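# Observations on the model geometry
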Protein chains: 2
Amino acid sequence: MRVLGVDPGLTRCGIGVVEGTAGRPLTMVGVGVVRTPADADLGHRLLAVEQGIEQWLDEHRPEHMAVERVFSQHNVRTVMGTAQASAVAMLCAARRGIPVALHTPSEVKAAVTGSGRADKAQVGAMVTRLLRLDAPPKPADAADALALAICHIWRAPAQNRLQQAVAQHTAHATKGRTA
Amino acid sequence: MRVLGVDPGLTRCGIGVVEGTAGRPLTMVGVGVVRTPADADLGHRLLAVEQGIEQWLDEHRPEHMAVERVFSQHNVRTVMGTAQASAVAMLCAARRGIPVALHTPSEVKAAVTGSGRADKAQVGAMVTRLLRLDAPPKPADAADALALAICHIWRAPAQNRLQQAVAQHTAHATKGRTA
């Protein structure tokens, strides 16, 4: 399972590609950041994010995309840029038929550190350990993107089991009704 | 000057194309709504918005795009969808080199009704009158998109004069310094 994680942002959009399955050691395939100039107009920044993500998709051909779920409780300006960058990422995936999952920051932190309230340093340390890297990936957005991909690989089996259970339950219920 | 106005949204994205110049009667070129199913996943909804807007751009070849500026003070869920749909619109324009302007809802209302606090009905009535239509365009998102395009046509000369004034002032200042 190859997952491309996206920590969306206009100034820095973190990208991390991880390969593996739950319960096995994971491998980092690639990590980086798509940057856009803060003084460019919004349309051109979104275009630069699109081109950057397209390059990553072309090069690494992930089967899944995991994007950080954006909330609007935080800083207004930042949230708008984050929501817009995440829209571009999801659009790029949808165009290629790549399924997209959204994970909240606390789900990601809980997945890689065991605590939903872990700080950046802790997330960076665990990403380094789990992917057997020499040093934490920088900037933090890049490490966060890898953490998103790891979170997705580890959560996927549970989500699949849940979907299977729901599907079975629905099948049973339907059977019961038609019998 | 042909302007495509976008009232961004995932469920209904209003589109209105208006042609004209400030101080002259305006013409409606087209109006409509791009809809996406609420039960589809976000990636596919964004893709449907992209395809819809691309069709409008192909068909009407506007020289400018005017998009409603999104604020995050309002309902959290709605604002995220609005921000994401507006990102897709701006991305489509940027890809074609079409300049994009953002106007706030109160700027648009003030432009077409004289009051920044006008209600939907008043905006619809003025759009109908200014474009010499038989009835207000429906749904309201379509009327709002036309209002955005009208607002842009009327504000453009002022913005251009302002830019010229700034450019001249800068030129003078530079001259003064180098003389």
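For the structure given in this document, a descriptive report is provided here. Please read these numbers as outputs of a predicted model, since none were measured by experiment. Residue numbers run consecutively from 1 along every chain, following the written order of its sequence. For this description, chains carry letters from A and ligands carry numbers from 1, given in the order in which they are written. Reporting in this predicted model follows two pLDDT cut-offs: at least 70 for local features of residues, and 80 or more for side-chain atom pairs to be given and counted; totals over whole chains, interfaces and linings ignore these cut-offs and use all residues. Side-chain figures throughout are based on the complete set of non-hydrogen atoms in the structure, without hydrogens or water.

## Remarks on the sheet that holds strand E2 (residues 12-19) of chain B
Residues and elements named next belong to chain B. Read across the open sheet, the 5 strands follow the order E3-E2-E1-E4-E5; overall the sheet is mixed. With one partner strand each, in any of the chains shown, strand E3 (27-35) and strand E5 (100-103) form the two edges of the open sheet. Strand-to-strand twist across the sheet, computed as the mean angle between neighbouring axes with direction ignored, equals 20°. The criterion used for residue contact is that any of the two residues' heavy atoms lie within 4.5 Å. Each axis is a line fitted through C-alpha atoms, taken for helices only over the stretch in contact, and angles between the N-to-C directions span 0 to 180 degrees. In this text, helices come from DSSP runs of H or I with a minimum length of four residues, and strands from runs of E with a minimum of two, each type numbered from the N-terminal end. Here helix H1 (residues 42-60) sits on the sheet and contacts strand E1 (2-7), E2, E3 and strand E4 (64-68); the angle it forms with E3, its principal contact strand, is near 160°. At least two bridges found by DSSP between two strands is the condition for calling them paired.

## Quick notes on the interface of chain A and chain B
Taken together, the contacts link 22 residues of chain A with 22 residues of chain B. By buried area we mean the combined loss of accessible area, with a 1.4 Å probe, across both parts when two parts are placed together. Together, the buried faces of chain A and chain B total about 1,800 Å²; carbon and sulfur atoms form 76% of this surface. Note on definitions: salt bridges are taken to be side-chain nitrogens of Lys or Arg within 4 Å of carboxyl oxygens of Asp or Glu. Summed over the shared surface of chain A and chain B, the result is 2 salt bridges. Residue Glu50 of chain A pairs with Arg95 of chain B through a salt bridge whose shortest N-O separation is 2.8 Å. Throughout this description, a polar contact denotes any pair of N or O atoms lying within 3.5 Å of each other; where both atoms belong to protein, one of them has to be capable of donating a hydrogen while the other can accept it, and for residues adjacent in sequence the pair is counted only when both atoms sit in side chains. Inspection of the region where chain A meets chain B yields 4 residue pairs in polar contact (both at pLDDT 80 or more). Listed by contribution, the elements that provide at least two residues to the side of chain A that touches chain B are helix H1 (42-60) and helix H2 (76-95) of chain A. Sorting elements by how many residues they give to the side of chain A that touches chain B places H2 of chain A first, with 12 residues. Looking at side-chain class alone, the side of chain A that touches chain B contains 15 nonpolar, 5 polar and 2 charged residues. All amino acids are sorted into three groups, where Ala, Val, Leu, Ile, Met, Phe, Trp, Tyr, Cys and Pro are nonpolar, Asp, Glu, Lys and Arg are charged, and the leftover types, Gly among them, are polar.

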